[in-house]
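Descriptive analysis of the structure
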Amino acid sequence: MADTAPDAAVDASTAPDAAMDATAAPDAAVDAATPPPAGEGMLRDVAAPMRQGDLVILYLGHDNVDHLYLTPDNFSIYNSKFGDFHHVDFVGKPFGSRVYARSGGGRGGGDDKKGWIVALAPTPELWAMALPHRTQIVQPLDAAVVCAHLDLRDGKVVLECGTGSGAMTSCLARCVAPTGRVLSFEFNGTRAAKAAVEFPRNGLPASLVTCEHRDVCADGFGDAADADAVFLDLPEPWLAVGHAARACRPGGRLASYSPCVEQVARTCAALREIGCDRVRTVEVRQKEFDVRPNALRSLEPRAPDGEPDAKRRRAEADAPLPGFLAKPLPDMRGHTAFLTFCTLPLRAAGET
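Residues numbered from 1 in each chain as written. Predicted model: local features only at pLDDT ≥ 70, side-chain atom pairs only at ≥ 80, totals over all residues. Heavy atoms only, no water.

**Thoughts on helix α4 (residues 189-201)**
For α4, spanning 13 residues, the distance from its first C-alpha to its last is 19 Å, which sits close to the expected 18 Å at 1.5 Å a residue. Buried residues of α4: G189, R191, A192, A193, K194, A195, V197, E198, F199 and R201, and no others. On its buried side, α4 packs onto β3 (64-69), α1 (124-130), α3 (167-176), β9 (181-186) and β10 (209-213). In this structure N188 caps α4, since a side-chain oxygen of it lies 3.1 Å from the backbone nitrogen of T190. Among the residues trailing α4, G203 stands out with phi positive, at a value near 85 degrees. (Helix = DSSP H or I, 4+ residues; strand = E, 2+ residues; numbered from the N terminus. Expected span 1.5 Å × (residues − 1). Buried < 20%, exposed > 50% of the residue type's maximum accessible area, 1.4 Å probe, protein only. Contact = heavy atoms within 4.5 Å. Polar contact = N/O pair within 3.5 Å; in protein donor to acceptor, adjacent residues only side chain to side chain.)

Structure follows, in structure tokens:
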């Protein structure tokens, strides 16, 4: 998914990275707004109305979404080509509501003379479309396959190498919530610091998600041990394979995300060298279909009125037409990455 920069400029009080200096020292403390309590953000009850501190996904149009953190006490305003939207106008409304601009914008005649946007509840998939991109992200279609093959569910502990923009971290957290944990590692200090601020603001508390600045390929996973699964999104994942096997329980699951087949070849060789089982690589393609009622059904041949019922039934049976037609769309999402999966050795590293 390409970075879909919306036609909107969010004021500094609403942008999650606005208070952060990109040139700051990697391990510098970063100020942030008070995060919402546990069970909020991406894990909140979406039936409850929007309120102070909520992360809201803004639907501006097809493939054009943005986000904001509600700060009505600061008299914050979200500005876009559809008008000026006061944060206080979101508070108290249910997710999925159409919020109207107080000034500017406009979308057409009638009631649409005033500009409007739709406020959506945050999900990892919508967040992947709206988040501030710091690196290339794992696409939702790949993320779903990874989570399924890692057998993630409530209570599991998963290691992630390569936090990046945090899109995949959110998907992993949703799978293992509320009692599991995601330990994410990022070699770039600035990105790690920004992710550490973003996760609690998105309702992913430290008890669920932690982000550490660490070069896993060189230094391993630190004190992490007995994890159930590991996900590698690294330029050289084969360098982290041995560390992953030592940090996971015997028989745990591993997934690696690599855009190039040369990376896959070296990773598979490293996995087989340490005795991993069921090493396999897949590529996920997305093909969409347009499903609609069959308009030709009204033209089915029928016996003329007045003919015997037997002849009418025979005419209807001779040329039955389906009620719906599925037409493949001409565009199909092409290559994103190769996904390599395996089961880690049943013996811990060094055992005979």
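**Brief notes about a nonpolar patch on the surface**
On the surface, F289, V291 and F324 cluster together into a nonpolar patch covering about 340 Å² of accessible area. In this structure F324 comes out as exposed when scored by relative accessible area, which is 55%. (Patch = residues over 30% accessible without salt bridge, like charges linked within 9 Å, V, L, I, M, F, W, Y side chains within 5 Å. Areas by Shrake-Rupley, 256 points an atom, 1.4 Å probe, with all protein chains shown as cover. Salt bridge = Lys/Arg side-chain N within 4 Å of Asp/Glu carboxyl O.)

**Looking at the sheet that holds strand β2 (residues 55-61)**
Note: strands within a sheet are paired through backbone hydrogen bonds, in either parallel or antiparallel orientation. If you walk across this open sheet you meet the four strands as β3-β2-β7-β6, and the pairing is antiparallel. Each edge of the open sheet is held by one strand with a lone partner, namely β3 and β6 (98-100). Strand-to-strand twist across the sheet, computed as the mean angle between neighbouring axes with direction ignored, equals 35 degrees. Sheet topology note: the β6/strand β7 (residues 116-120) ladder contains three bridges and is antiparallel. Counterpart to R98 in the pairing with β7 is V118. (Pairing = 2+ DSSP bridges. Axes fitted to C-alpha atoms, helices over the stretch in contact; angles between N-to-C directions.)

**Brief notes about the pattern of salt bridges**
In this structure the tally under the stated criterion is 11 salt bridges. Residues R44 and D54 are paired through a salt bridge, measuring 2.4 Å at the closest nitrogen-oxygen approach. Placement of the pair is R44 in the loop between β1 (8-10) and β2 and D54 in the loop between β1 and β2, with a sequence separation of 10 residues. The same class applies to R44 and to D54, which are both buried. The residue E198 makes a salt bridge to R134 at a minimum N-O spacing of 3.0 Å. A residue pair is termed long-range when its members are at least 10 positions apart, and E198 in helix α4 and R134 in the loop between α1 and α2 (140-149) qualify at 64 residues. Just as E198 is buried, R134 falls in that class too. When salt bridges with common partners are traced through the structure, they connect D151, R153 and K156 into a single cluster.

**Regarding the side chain of D89**
Along the polypeptide, D89 turns up in the loop between β5 (83-86) and β6. A distance of 2.9 Å separates a polar atom in the side chain of D89 from a polar atom in the side chain of R102.

**What to know about the sheet that holds strand β11 (residues 227-232)**
One open sheet accounts for seven strands, arranged β10-β9-β8-β11-β12-β16-β13; its pairing is mixed. Only two strands of the sheet have a single neighbouring strand rather than two, namely β10 and β13 (277-283). Going from strand to strand, the sheet's axes swing by 15 degrees on average, the running direction of each strand aside. Sheet contacts for α2: β11, β12 (248-258), β13 and β16 (338-343); angle to β16, the most-contacted strand, approximately 5 degrees. Together, β12, β13 and β16 form the strand contacts of helix α7 (residues 261-273), whose direction differs from that of β16 by roughly 5 degrees.

Keep in mind these numbers describe shape, not what the thing actually does.
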